[in-house]
Each structure stands twice: as structure tokens, then as C-alpha cells.
Amino acid sequence: VMADDSTPDANTVQALRDVANRLRIHSIRATCAASSGHPTSCCSAAEIMSVLFFHTMRYKRTDPEHPDNDRFILSKGHAAPILYAAWAEVGNIGESDLLSLRKIHCDLEGHPTPRLPFVDVATGSLGQGLGAACGMAYTGKYFDKASYRVFCLLGDGESSEGSVWEALAFASHYGLDNLVAVFDVNRLGQSGVTPLEHCTDIYQNRCEAFGWNTYLVDGHDVEALCQAFWQAAQVKNKPTAIIAKTFKGRGIPNIENAEHWHGKPMPKERVDAIIKVIESQIQSNRNLTPKPPVEDSPQISIRNVKMTCLPDYVVGDRIATRKAYGLALAKLGHANERVIVLAGDTKNSTFSEIFNEEHPDRFIECFTGEQNMVSVALGCATRGRTIAFVSTFAAFLTRAFDQIRMGAISQTNINFIGSHCGVSIGEDGPSQVALEDLAMFRSIPNCTVFYPSDAISTEYAVYLAANTKGMCFIRTSQTETAVIYTPQENFEIGQAKVIRQSVNDKVTVIGAGVTLHEALAAADSLSQQGISIRVIDPFTIKPLDAANIISSAKATGGQVITVEDHYREGGIGEAVCAAVSGEPDILVQQLAVSEVPQCGTPSELLDKFGISARHIIAAVKNTLMS
């Protein structure tokens with residue numbers, strides 16, 4: 001870093017001030033044209049944005065997605081207009097486009113999304129940007145070993161979110177010295193003042209207590225900002241926090257630092273006068289050109305990852321799908337050096353420790369902070385730098401539902417593995433039991449939901465997930481179950497397996513994971529009594545193989561029984577009901593967990609909650625009698 005970066009000359013200082021005021025004017029005009037938006041939140045950040053985009057950050061203007069560019073994340077996503085304004089000043093957006101803010105035909109949405117090439121992750125659900133920035137910085141430091149740096153702008157209001165402090169702890173633990181968090185402390189939240197108002201020393205003490213190198217600055221002083229960003233680049237093995245004291249609505253007469261202006265455009269009749277006041281402070285039309293990046297990130301490929309050899313199991317072997325997942329993931333790590341795994345202090349239970357043993361430099365321990373773990377994975381996966389697998393108990397992914405939902409808006413390709421699903425986990429009790437995870441992931445757009453039932457299908461699911469666009473969820477079980485497929489079996493997304501059938505089948509039974517094996521046991525028992533049933537393994541719950549299910553249902557007199565180790569709402573049964581809803585004369589009976597479970601052995605619990613082989617047999621007989 002050149003010494004002159006710390007103290008820009010007088011001309012540059014004035015040019016940066018002028019850019020900041022132009023950013024204010026763009027933000028005021030755009031939100032006025034939209035009749036909605038957050039101009040006051042933009043105005044407090046104007047100097048910060050000006051210094052970052054036209055002095056500190058190194059990037060290719062014409063190629064916002066270049067892997068060597070410095071990264072910027074606007075965690076306070078409601079200030080989107082000033083991000084768009086910055087890119088308009090860079091020259092990537094026409095000024096006329098700014099006036100289409102928030103219109104249906106325009107990609108300049110109310111909060112940033114990756115529909116825009118310069119946005120890596122969607123923000124606007126507060127408290128999530130810093131976690132994603134941690135993932136980008138971790139990738140830059142430990143995987144790419146490259147020079148690019150990561151800058152994240154946070155609001156003071158959003159720092160009430162616990163996920164912000166999870167991210168602060170993570171960044172400090174891993175010494176992310178390529179990460180700078182800027183807190184825009186403008187005192188005002190959405191509905192009133194923030195809890196700390198302008199007590200910037202408390203923010204400083206908290207950040208320092210979390211192990212961050214921290215500077216207090218006047219957030220409207222471009223020289224002080226230049227100095228702080230320059231100092232941050234000199235510090236090794238510590239992330240830097242810049243606590244910027246700012247004023248909401250800065251530069252707008254009678255509105256600066258006033259309450260009740262959050263999310264309100266300026267009154268149309270006052271806009272011209274406001275802009276005139278701001279324009280009177282602009283002294284030059286000088287264009288500042290951002291510095292080019294250092295081009296030192298490695299060339300990589302994450303496409304088309306092939307299975308190096310067939311799964312190594314024999315029909316009849318007994319192995320839990322959670323263990324098969326751990327083995328498959330370690331094997332996948334040898335097939336592509338960009339496969340990474342993130343875990344939440346569960347690696348010894350989910351078997352992701354096998355990956356950790358074979359590829360320790362590609363395993364990120366996120367400790368017990370699931371929300372941050374998902375955000376870090378989101379950051380790691382940006383710009384196609386990694387193939388990320390997130391691994392923990394399926395139950396604990398529910399606390400990160402918002403981060404997962406934002407992942408869909410971010411068009412990410414993260415793969416989630418949730419283990420310990422259903423009451424079949426046994427004695428640990430209801431807090432550890434995932435019974436709502438299928439409903440959660442099925443509700444996410446562009447999410448593929450795998451529910452493998454043996455070791456072979458689990459290994460194929462891992463490879464398919466690695467190559468699938470959009471998010472994936474693989475549900476794995478704790479109980480050891482028999483291998484039912486041969487290693488050569490072909491698995492595809494949306495393709496169910498009819499694993500038991502004859503011309504005499506009276507009922508179609510659909511199960512997955514543990515309940516598929518209960519269905520097979522039921523089929524054995526029934527066949528000894530002269531009753532033949534068809535058994536289907538759906539493999540993916542979303543997309544579901546509707547055609548296969550409908551043709552089997554028609555072949556068995558329209559009688560279908562679903563059995564699942566999940567709550568009734570949003571699970572396999574409801575997925576099947578939706579798939580056959582357009583067909584007359586198909587009846588679906590659903591066996592599912594109907595209440596909050598309790599402790600017990602796996603077999604006791606499957607029986608108590610009505611999803612064991614005994615209950616399947618009873619349901620089949622009941623169906624045939626009615």
C-alpha cells in the first residue's frame with residue numbers, strides 16, 4: 001500500500017467531498033421519483049461511500065464481478081439508492097436508470113439483490129451482511145490467498161441483531177485482517193432512536209472486546225476516513241471496525257438528525273430547494289478513477305464434479321446415512337479442491353469430521369452460531385469461489401431460516417446437510433429432533449430437497465448437490481439402516497425408485513429414510529399374509545416424481561399411504577397430496593408425527609407416533625377393508 005493513500009492531497013479531498021454530495025443528490029432524486037425509499041439513511045453514509053468507491057477500494061469498473069476486485073457489502077440494505085448512486089458515478093449505471101428505482105421493470109430494487117452484477121449477496125434483512133463479508137474474507141485469506149479486501153457497511157440499528165455479534169466473534173477468531181466493518185452510527189433507527197444513540201465509545205469498547213482493531217472517526221470527514229481505511233490495511237491478524245459518527249439526513253435542511261424521517265422520500269415541493277443547498281457545496285466536477293486490483297487470485301473450476309469411483313457398499317451392509325454422508329463428502333473433497341465444509345460444533349455427530357481429517361484446510365468450524373454459519377457459507381460461495389456444504393443437526397438449521405431465505409434471494413448454490421432428523425434419533429428428546437425441516441426447505445424457491453434412504457443414495461445425493469444450481473438440502477438419519485441399492489444404481493433429481501412391485505399390488509406406500517425401511521418390513525410381513533404392496537422411495541421430496549407416484553397409485557386402485565418421520569404439515573404426505581391433486585380417484589392416507597415428541601428408544605418412538613411397520617400394516621389392512 002502506497003504511503004500517499006493515508007493523506008490525500010487537497011484536490012482529492014475536495015473531489016471526495018463533492019462526490020459525497022453528488023451521491024446525496026442522486027439518492028434524494030431517485031427516492032423522490034419512486035415516491036418511496038430511504039434518502040436519510042443514504043445521506044449519513046455519503047462520505048463513507050465516496051471514500052470507499054473513489055479512494056480506498058481497488059476494482060475494475062467495467063467488470064464488477066471480477067474475482068480480484070475488492071468486495072463491498074451494504075448490510076444496511078435499505079440504503080440501496082446510495083450504492084446505485086456510487087455505481088452511477090463510476091459509470092456503470094445511467095443517471096436516468098436511477099430514476100426507475102423500485103419500478104417493476106428495473107433491477108434497481110428497494111434493497112440490493114444479485115440481479116445486479118455488482119451485488120454479491122442480497123441484503124435488507126438486517127444483521128446478515130457482516131457474516132457474508134466474513135465468508136468472503138475467509139475465502140480471500142485462506143482459500144484464494146489473494147490480495148482483495150472486503151468492506152461491509154452496517155447500520156447502528158442493525159447492530160442490535162445477535163447475528164452481527166456472531167460475525168464479530170468469527171472474524172476475530174480467524175484473524176481476518178482483510179475485512180473492514182464500518183458502523184454508520186447515525187443515532188436513529190426506523191421508529192425512534194437506537195439504544196446507544198451517539199455513544200460511539202461503547203461501540204468501540206464492544207468491538208475491541210470482541211478482538212477487533214477499532215477506530216473512531218467523524219463519518220463526514222473524508223480525510224479521517226481515508227486515514228482510517230489506510231491504517232486498517234496495515235494491521236495484521238485482526239479485522240478492523242470503523243465506528244463512524246454520522247447524522248441521518250446529513251445535508252438536508254431541517255431534516256438532518258431529525259426523528260420520523262426513516263424510509264420517507266423528500267416532499268416533492270421541497271426537493272429542488274434541498275438539492276440547491278447541497279449543490280452549493282460542490283466545488284468541482286472532477287472525476288476520480290478507482291485503482292485497479294492486484295490480480296493474484298487462482299484460476300479455479302467448480303463445474304461438473306465427477307464421482308471418482310463408485311460407492312463402496314454392499315447390499316445388506318448397515319450404515320447410518322449421516323455416516324455415509326461424511327464418507328461421501330470426504331471423497332468429494334478429493335474430486336474437487338474447492339469443496340469446503342462449514343460445521344456448527346457438531347462434526348463428531350454429523351460425521352463431517354471425516355472431511356476435516358482428510359481436508360483440514362477446507363473445513364470451517366463456525367462453532368455454535370448457526371445464523372452466522374449460513375451467512376459465512378453464503379459469502380464463501382459468492383463469485384463461484386467454492387462449493388460450500390453446511391452441516392449440522394437439521395433441527396438447528398431452523399434458527400437460520402431467515403439466512404436461508406435470504407440465500408434464495410441471493411441466488412446462492414449452498415448445500416445444507418441436516419442430520420438427526422425425526423423421532424428415530426431416540427433418547428435425546430424433542431429439542432434435538434428435526435420434524436419441520438422438510439417443510440422449511442420445501443418452501444424455499446429453487447431449493448432441491450434430497451431425502452436418501454441408504455448409504456448409496458446418500459453418496460449420489462452429495463454429488464448431485466455439488467453440481468446443482470440453487471440451494472440443496474440433504475436430510476440424513478442417525479439410525480443405522482440397510483443398504484438397499486447396488487453401487488451402479490443411477491440416481492437423478494426428481495426421479496423416484498419403485499423398489500418393490502408386482503402386478504398384484506393393492507396399495508402404494510411411500511416412505512423415506514427410516515420409514516422406507518419400516519415400509520419394507522411391513523411389505524415382508526404383509527406378503528406372508530398374501531397381501532402385496534408397492535413401495536416407493538421418492539429420493540427427492542422437491543422436485544417430487546409425480547408421474548411415477550401417479551402411475552403407481554393408479555396401478556394400486558388409487559390407494560396411497562405416505563409414512564414420514566416428520567410433522568404432517570409441509571412434509572412428504574402433503575407433497576404427495578399436492579402432486580396427485582389433479583387426479584380423480586386417488587386417496588392419500590398420511591402417517592406422520594402428530595404431536596411434540598418425547599424421549600425413548602428409536603423403535604419405541606416410531607411406534608408411539610404411528611410410523612412404524614406395525615402401523616403401516618394396520619393402515620394397509622384398514623384401507624383394503626374400507
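Note that this is a predicted model, so its numbers are computed, not measured. (Residues numbered from 1 in each chain as written. Predicted model: local features only at pLDDT ≥ 70, side-chain atom pairs only at ≥ 80, totals over all residues. Heavy atoms only, no water.)

## Considering the domain arrangement of the chain
Each assigned domain of the chain is listed here: domain 1 (10-280), domain 2 (317-483) and domain 3 (497-625). Averaged C-alpha coordinates put domain 1 and domain 2 at centres separated by 33 Å. Taken together, the 32 residues of domain 1 in the interface contact 29 residues of domain 2. For the pair domain 1 and domain 2, the two sides together bury roughly 2300 Å², of which 54% comes from carbon and sulfur. Considering only the surface of domain 1 that becomes buried against domain 2, Gln-128, Phe-143 and Glu-166 emerge as the three largest contributors, covering 24% of it. Here domain 1 and domain 2 share three salt bridges between them. Among the elements of the structure, α6 (129-143) and α7 (162-173) are those that each provide at least two residues to the side of domain 1 that touches domain 2. Broken down by element, the side of domain 1 that touches domain 2 gets its largest block of residues, eight residues, from α6. Broken down by class, the residue content of the side of domain 1 that touches domain 2 amounts to 13 nonpolar, 12 polar and seven charged. (Domains from an automatic or database assignment. Contact = heavy atoms within 4.5 Å. Buried area = accessible area lost by both parts, 1.4 Å probe. Salt bridge = Lys/Arg side-chain N within 4 Å of Asp/Glu carboxyl O. Helix = DSSP H or I, 4+ residues; strand = E, 2+ residues; numbered from the N terminus. Nonpolar A, V, L, I, M, F, W, Y, C, P; charged D, E, K, R; others polar.)

## Concerning the nonpolar core
One finds Leu-130, Leu-179, Leu-342 and Phe-416 to be the most contacted residues of the largest nonpolar core, which totals 77 residues. Those residues within four positions of Phe-416 in sequence are excluded, and the remaining contacts are Val-374, Val-390, Leu-397, Ile-404, Phe-441, Met-471, Cys-472, Phe-473 and Ile-474. (Core = buried A, V, L, I, M, F, W, Y, C linked by side-chain atoms within 4.5 Å. Buried < 20%, exposed > 50% of the residue type's maximum accessible area, 1.4 Å probe, protein only.)

## A word on the UniProt feature "domain: Transketolase-like pyrimidine-binding" (unreviewed entry) in the chain
Look at the UniProt record and you will see "domain: Transketolase-like pyrimidine-binding" (unreviewed entry) annotated at residues 319-483. Each end of residues 319-483 is marked by a C-alpha atom, and these two atoms are 7 Å apart; helix forms 41% of the span and strand 21%. (UniProt positions renumbered as here; feature names shortened; annotations may be inferred.)

## Focus on the environment of Asp-218
Tracing the backbone through its elements, the reader meets Asp-218 in strand β4 (residues 213-218). Asp-218 gets classed as partly exposed once you look at its relative accessible area, which sits at 42%. For the pair Asp-218 and Lys-245, spaced 27 residues apart in sequence, the C-alpha to C-alpha distance is 5.1 Å. Discounting chain neighbours no more than four positions away, the residues touching Asp-218 are Ala-224, Leu-225 and Lys-245. Of the polar contacts made by the side chain of Asp-218, one reaches the backbone nitrogen of His-220; its length is 2.8 Å. (Polar contact = N/O pair within 3.5 Å; in protein donor to acceptor, adjacent residues only side chain to side chain.)

## Some words on helix α3 (residues 46-56)
Burial analysis of α3 places 11 of its 11 residues in the buried class, the great majority of the element. Among all positions in α3, only Ala-46, Glu-47, Ile-48, Met-49, Ser-50, Val-51, Leu-52, Phe-53, Phe-54, His-55 and Thr-56 are buried.

## Regarding the pairing of strand β12 (residues 471-475)
Two faces belong to every sheet, and in a regular strand the side chains alternate between them. Most of β12 is tucked away, with five of its five residues classed as buried. Relative to β12, strand β10 (residues 415-419) runs parallel, the two sharing four bridges. The residue of β12 that forms the bridge with Gly-418 is Arg-475. Bridge count for strand β11 (residues 447-450) against β12 is four bridges, and the pairing is parallel. Bridged to Phe-450 within β12 is Ile-474. As a crossover connection, the stretch from β11 through helix α18 (residues 455-466) into β12 is right-handed. (Pairing = 2+ DSSP bridges. Right-handed = clockwise from strand over helix to strand, strands pointing away.)

## Remarks on the state of the cysteines
Applying the stated criterion across every chain yields a total of zero disulfides. Its sulfur unpaired, Cys-207 is 12 Å from the next cysteine sulfur, which belongs to Cys-152. Cys-207 sits in the buried class, given a relative accessible area of 1%. No disulfide involves Cys-421; its nearest neighbouring cysteine sulfur is the one of Cys-447, lying 15 Å away. (Disulfide = S-S within 2.5 Å.)

## Comments concerning the environment of Ala-455
Take Ala-455: it is sitting in helix α18. The spatial distance from the C-alpha of Ala-455 to the C-alpha of Ala-320 is 7.1 Å, given a sequence separation of 135 residues.

## What to know about the pattern of salt bridges
Across all of its chains, the model carries 23 salt bridges by this definition. Residues Arg-475 and Asp-437 are paired through a salt bridge, measuring 2.7 Å at the closest nitrogen-oxygen approach. In this pair, Arg-475 is assigned in strand β12 and Asp-437 in helix α17 (residues 437-442), connecting sequence segments 38 residues apart. Taking relative accessible area as the criterion, Arg-475 reaches 0% and is therefore assigned buried.

## Things to note about the sheet that holds strand β8 (residues 363-365)
What the seven strands build is an open sheet, ordered β8-β7-β9-β10-β12-β11-β17; its pairing is mixed. Looking along the sheet, the strands with just one partner apiece sit at the ends: β8 and β17 (540-542). Along the sheet, successive strands turn relative to each other by an average axial angle of 20°, direction set aside. (Axes fitted to C-alpha atoms, helices over the stretch in contact; angles between N-to-C directions.)

## Some words on the sheet that holds strand β18 (residues 559-567)
Spatial ordering of the open sheet is given by β14-β16-β15-β18-β19, a layout of five strands whose pairing is mixed. Single-partner strands in this sheet number two, and they are β14 (497-500) and β19 (587-593). If you compare each strand with its neighbour and ignore which way they point, the axes differ by 25° on average. Pairing of β14 with strand β16 (residues 533-537), which is carried by three bridges, proceeds in the antiparallel orientation. Among the inter-strand pairings, Val-498 is bridged to a residue of β16, identified as Ile-536. Strands β15 (507-511), β18 and β19 of the sheet are contacted by helix α21 (residues 572-580), whose axis makes an angle of about 165° with β19.

## Quick look at the packing of aromatic side chains
Within this structure, the stated rule accounts for 21 aromatic pairs. Each ring, one from Phe-53 and one from Phe-72, has its centre 5.3 Å from the other, and the planes form 75°; the classification is edge-to-face. Linking Phe-53 in helix α3 with Phe-72 in strand β1 (residues 71-74), this pair joins segments that are 19 residues apart in sequence. Using a relative accessible area of 1% as the deciding quantity, one classes Phe-53 as buried. (Phe/Tyr/Trp six-rings, centres within 6.5 Å; stacked < 30°, edge-to-face > 60°.)

## Comments concerning unusual backbone geometry
Generally, phi is negative for residues other than glycine and the peptide bonds are trans, each holding for most cases. The amide bond that connects Lys-542 to the next residue, Pro-543, takes the cis arrangement and shows omega of -5°. Relative to the assigned elements, Pro-543 resides in the loop between β17 and α20 (546-555). One non-glycine residue, Arg-102, adopts positive backbone phi at about 70°. When you line up the elements, Arg-102 lands in the loop between α5 (95-98) and α6. Within the chain, Asp-345 stands out as a residue other than glycine whose phi angle is a positive 60°. Along the chain, the position of Asp-345 falls in the loop between β7 (339-343) and α12 (347-350). Relative accessible area serves as the criterion here: at 49%, Asp-345 is assigned to the partly exposed category.

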